[in-house]
Amino acid sequence: MNSKQHYVCSCYYTNNFFIRRLGHVVFVDRAQFIKDYSQVLKEKGISSEKDVKTILSELNQELQRRKNQSQEYLERRAAIQRCYTPLHQHVYHLQESFLADRFLEMVRYSQTEGATVEGLMSFVEWNKAEKVYGFPVFTEEFCQELLAELEHFELSDSPRGRPNTMNNYGILLNELGFDEDFLNKLREDYLTPITTLLFPECGGDRLDSHKSFIVKYKTDGDVDLNYHYDNAEVTLNICLGKQFEEGSLYFGHMRTERQPNTAYAEYRHKLTHGLIHRGQHMHGAMPITDGERYNLIMWLRSSKIRNRLCPMCNTRPQLVATDGLGDGFTQDQVNVCNVE
Ligand SMILES: O=C(O)CCC(=O)C(=O)O
Ligand SMILES: [Fe+2]
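Cut-offs used in this document
- Residue indices follow the written sequence of each chain, beginning from 1 at its first position.
- Each chain gets a letter, beginning with A, and each ligand a number, beginning with 1, in the order they are written.
- Two thresholds apply to this predicted model, a pLDDT of at least 70 for residue-level local features and 80 or more for giving and counting side-chain atom pairs, whereas whole-chain, interface and lining totals are computed over all residues.
- Computation of side-chain values: all heavy atoms of the structure, hydrogens and water removed.
- Segments assigned H or I by DSSP are reported as helices when at least four residues long, segments assigned E as strands when at least two residues long, and all are numbered from the N terminus.
- Both definitions apply: the radius of gyration is a C-alpha atom measure, and the globule rule equals 2.2 Å times residues to the power 0.38.
- Type-normalised accessible area, obtained with a 1.4 Å probe on protein chains alone, sets the label of each residue: buried when under 20%, exposed when over 50%, and partly exposed for intermediate values.
- Here, two residues are considered to be in contact whenever any of their heavy atoms come within 4.5 Å of each other.
- Any residue with at least one heavy atom within 4 Å of a molecule or strand is counted as near it.
- By the criterion applied in these results, polar contacts are pairs of N or O atoms within 3.5 Å in which, for protein atoms, one can donate a hydrogen and the other can accept it, and in which residues neighboring in sequence qualify only through two side-chain atoms.
- Calculation of accessible area relied on Shrake-Rupley with a 1.4 Å probe; when residues are assessed, cover is drawn exclusively from the protein chains displayed.
- What a helix is expected to span follows from its residue count: subtract one and scale by 1.5 Å.
- Starting at the helix axis, one direction is taken to each C-beta atom, and the arc is that of these directions.
- Coordination here is defined by N, O and S atoms within 2.8 Å of the metal (3.2 Å for Na, K and Ca), and since water is not considered, a site can look incomplete.
- The convention used is that axes are lines fitted to C-alpha atoms, helices contributing only their stretch in contact, and that angles between N-to-C directions extend from 0 to 180 degrees.
- Crossing handedness: left-handed means the near helix sits turned counterclockwise from the far one by under a right angle, and right-handed means the same turn made clockwise.
- Any residue that is not Ala, Val, Leu, Ile, Met, Phe, Trp, Tyr, Cys, Pro, Asp, Glu, Lys or Arg is counted as polar, Gly included; the first ten are nonpolar and the last four charged.

Q: In this structure, what is going on with the overall build of the protein? I would like to understand it.
A: The helix and strand inventory of the protein stands at eight helices and 16 strands. Here the C-alpha radius of gyration of the protein, 20 Å, is about what a compact globule of 340 residues would show, namely 20 Å. Projected onto its principal axes, the C-alpha positions of the protein cover 60 × 50 × 45 Å. In the protein, buried positions account for 55% of the 340 residues. Once local pairs closer than 6 in sequence are excluded, the contacts in the protein between residues at least 24 apart make up 77%.

Here it is in structure tokens:
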């Protein structure tokens, strides 16, 4: 691990707590929560003392998870390095042969002088929502090998963290060791030329960190994902398999739109294909009705953008130092406070 200091915004400890029956809420303490949400609780028919107690207990658990996160991350990572033996060592090292020909052509085109968004569109297969682009990323063979590696990890007794508050299953790829020689390379050498062209206003020309994880849906686990925005400037979402029915993604409005006139665009995941979109573009996943779906998600971050405006609280970030990987803020342009 490098020695650079990492940061989260202080809103990490108060905002965007996900409760299935309520959606995302702000949670400081019991008194604030009851005061701010009494009306909403009433509207949702959550009135018994027992129900409110259950919700408060979930919120407190999530707060503890967030407070302990960096320590637990370091412990899990060390345990995985010590005890886990990969099935396919080579999938941790990105090779061009893992990448779809079409994707490599897109990268090359984006690097040519005079490349334009219109020119890049001839490689894009799906663009039915504004600034959402679908195209092949990996080969089928690589997806199979990566899936086999992920399933091997799942069957091991290694510890694993939750990708975020909405997903109960899934794998944090940095803990497993995918950042160093796979995901960093994918971001810097292959994705950045494309995002420079497609998302300059979101820092696509300087995506300097990421958080990457696998989301997993199955009929007896998480089947869908609520409508949300990502803690990312730009998101890449690649479908690795396996076999599944339904489970489409849908896109609505931008989070910052004041009076959204939402008409949803539906995207059906396709094996080996990825979708790239703005992190603040609201989206969700419909339920799968059969099988299992594994997708690789990269929340791509640009410190240039988020140092000015935290995408989760929409204000200037108040930085809190962390021993973990942080959320992609850097120190140079922001005030650092030492809350813990
Ligand atoms: O299930 C999907 O494909 C979307 C996942 C997603 O939006 C996320 O993890 O942020
Ligand atoms: Fe998302």
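Q: Quick question: what am I supposed to make of the site of ligand 1 here?
A: Among the 15 residues in the neighbourhood of ligand 1, the closest are listed as Tyr217, Asn237, His269, His283 and Arg293. Residue Trp299 places a side-chain N or O atom 3.3 Å away from an oxygen atom belonging to ligand 1. About the coverage of ligand 1: the protein hides 99% of its 290 Å² of free accessible area. Breaking the shell around ligand 1 down by element, the ones donating at least two residues are β6 (209-218), β7 (225-228), β13 (281-285) and β14 (288-301). With four residues, β14 is the single largest residue contributor to the shell around ligand 1.

Q: Sorry if this is basic, but what is going on with helix α5 (residues 140-155) here?
A: Because an α-helix packs 3.6 residues into every turn, residues spaced three or four apart end up facing the same way. With 16 residues, α5 should reach 22 Å at 1.5 Å per residue; the first-to-last C-alpha distance of 23 Å fits that figure. Regarding α5, the residues found buried are Phe142, Cys143, Leu146, Leu147, Glu149, Leu150, Phe153 and Glu154. An end-on view of α5 places all buried positions within 160° of arc, on one side of the element. Residues of α5 that are exposed and point more than 90 degrees away from the buried face comprise Glu141, Gln144 and Leu155.

Q: Before we go on, may I ask you to explain the coordination of the iron ion (ligand 2) in this structure?
A: A four-donor tetrahedral metal ideally has 109.5 degree angles, and a six-donor octahedral metal ideally has angles of 90 or 180 degrees. For the iron ion (ligand 2), the full set of protein donor atoms is His228 (NE2), Asp230 (OD) and His283 (NE2), at a range of 2.1 Å. Read in sequence order, the donor residues for the iron ion (ligand 2) give the motif H-x1-D-x52-H. With Asp230 in the loop between β7 and β8 (234-241) and His283 in strand β13, this pair connects stretches of sequence that are 53 residues apart. We note that Asp230, like His283, is buried.

Q: What is the right way to read the packing of helix α3 (residues 101-111) against helix α7 (residues 179-198) from this model?
A: Angle between the axes and distance between the axes are the two parameters that describe a pair of packed helices. Taken N-terminus to C-terminus, the directions of α3 and α7 make an angle of 60°; their axes are 8 Å apart at the nearest point. Once α3 is placed against α7, the crossing between them reads as left-handed. Packed against α3, whose contacting residues are Phe103, Leu104, Met106, Val107, Tyr109, Ser110 and Gln111, the element α7 presents Leu186, Asp189, Tyr190, Leu191, Pro193, Ile194 and Leu197 at the interface. Residues of the contact of α3 with α7, tallied by class, amount to eleven nonpolar, two polar and one charged.

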